[in-house]
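Observations on the model geometry
Listed below, chain by chain, are the residues.
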Amino acid sequence: MAAEEELDITVSSCHHMVSAFLAMEPPDVVISFAREFGEGSITESVQSCIWHHCISKADLKWQGPYLKRFLKKLILEIESSGGLVLDELYEQYASYMISIQNDDGNKGNFRVLKTISFLFPNESSGILSCPKSKKLEVRLQCSVNMLEGDTGCSIWPSSLFLSEFILSFPEIFANKCCFEVGSGVGLVGVCLSYVKASKVILSDGDLSTLANMKVNLELNHLSTGNHIPDDLVHQKKVHCVCLPWESASEDDLRCFAPDIILGADIIYDPSCLPHLVRVLSHLLKHKHSHAKVGAGGRELDSLPADELVHHILGKGPVAYVASVVRNIDTFNYFLALAEQAKLVVADLTGKVEVSKFLPYLRSYQRSSIRIFRIHM
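Everything in this summary refers to the structure shown in the same document. Note that the structure is a prediction, hence the values are computed from the model and not measured.

Criteria and thresholds
Residues numbered from 1 in each chain as written. Predicted model: local features only at pLDDT ≥ 70, side-chain atom pairs only at ≥ 80, totals over all residues. Heavy atoms only, no water. Buried < 20%, exposed > 50% of the residue type's maximum accessible area, 1.4 Å probe, protein only. Helix = DSSP H or I, 4+ residues; strand = E, 2+ residues; numbered from the N terminus. Contact = heavy atoms within 4.5 Å. Salt bridge = Lys/Arg side-chain N within 4 Å of Asp/Glu carboxyl O. Core = buried A, V, L, I, M, F, W, Y, C linked by side-chain atoms within 4.5 Å.

1. What to know about helix H2 (residues 27-37)
Within the span of H2, buried status applies to Pro-27, Val-29, Val-30, Ile-31, Phe-33, Ala-34 and Phe-37. Those residues of H2 that are buried are in contact with helix H1 (12-22), helix H3 (44-53) and helix H4 (60-80). Backbone geometry just downstream of H2 places Glu-39 in the positive-phi region, at approximately 55 degrees.

Now the structure itself:
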């Protein structure tokens, strides 16, 4: 394949294409990056890159139906534009047509293995979380069955955004005890561990979600602990807690004593909100004996953007919640409950700059996500 020599796989559009493929983004998203890489068309050089860096390295067990859909869409795209399709792509698609008879992977408790790639631009060298490779990869076993109730094992845009927030401000979370409410697949926990939080505690009320979360932590070379309080002294572990909000008591929550509480897309079910606010309230009541005064008591609006996320730290626990406001009445109900519980909810959306480490998190998704800081 002589065309392979023309490739420059170091360009950002190539990285974007490969990362979107590994995350199993919709084929149209991957193909749009492929066109950008080929400066408007999916050339043989671009196809060669797709073959070598995507298709040939894919795992049929975990990605079979996706691979079949992607190759079908890719081949149609190339043919419709009058291009030549590499023989390898035709042959691989024919192989999938034979080996993957049932393309409906959405039925039943079907799991796929996605790789979430956080790509750090060259100018990110000053960010403490930036790895030497300029890339952080997180492998996650997750569900494609979101619409049939398997929401806890799905990857939601708000959790991707919250992870970017953590990587954008690693100094906030380093050496802090962090507790996530409704942890789902565990992505936020992996990022917290990466930025060297002193203790990471993940929680979920669903046992199957909790089991899947532990699998994901192990996939990312993190050992897991249980919810036994004495076990929390082992700081190298990520601790997994079964925590149904409706039955969690103040005594259950007191032992965790987190510095920072996190949550992604947890403000969605009106029937759960009273329990959620009660849990947040108990976790935020904990006071630190080493608390320091921050920002001299200045008002939020008078603070520079880079101080907005820092000034509460040291006064007591603080929560960061990323959420899509799908129903304004539900969100207003949450705000009313928070006010009754004497919780202060500040909207940081647009006031802090979160680095876009995930190029395939599309602009319309980003624009719908809001991030809030909550404290007593």
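Having seen the structure, we can now continue with the description.
2. Digging into the pattern of salt bridges
Evaluation of the coordinates by the stated rule reveals eight salt bridges. Across the salt bridge formed by Glu-137 and Lys-135, the nearest N and O atoms sit 3.4 Å from each other. Residue class for Lys-135 comes out partly exposed when judged on its relative accessible area of 35%. Between Asp-347 and Arg-370 there is a salt bridge, with its nearest N and O atoms 2.9 Å apart. Of this pair, Asp-347 sits in strand S9 (residues 344-347) while Arg-370 sits in strand S10 (residues 369-375), placing them 23 residues apart in sequence. Owing to a relative accessible area of 25%, Asp-347 belongs among the partly exposed residues under this scheme.

3. Quick look at the nonpolar core
The biggest cluster of nonpolar side chains holds 85 residues, and the ones touching the most others in it are Met-17, Ile-55, Ile-116, Phe-118 and Phe-173. Looking at this core, the element that brings in the most residues is H4, giving seven residues.

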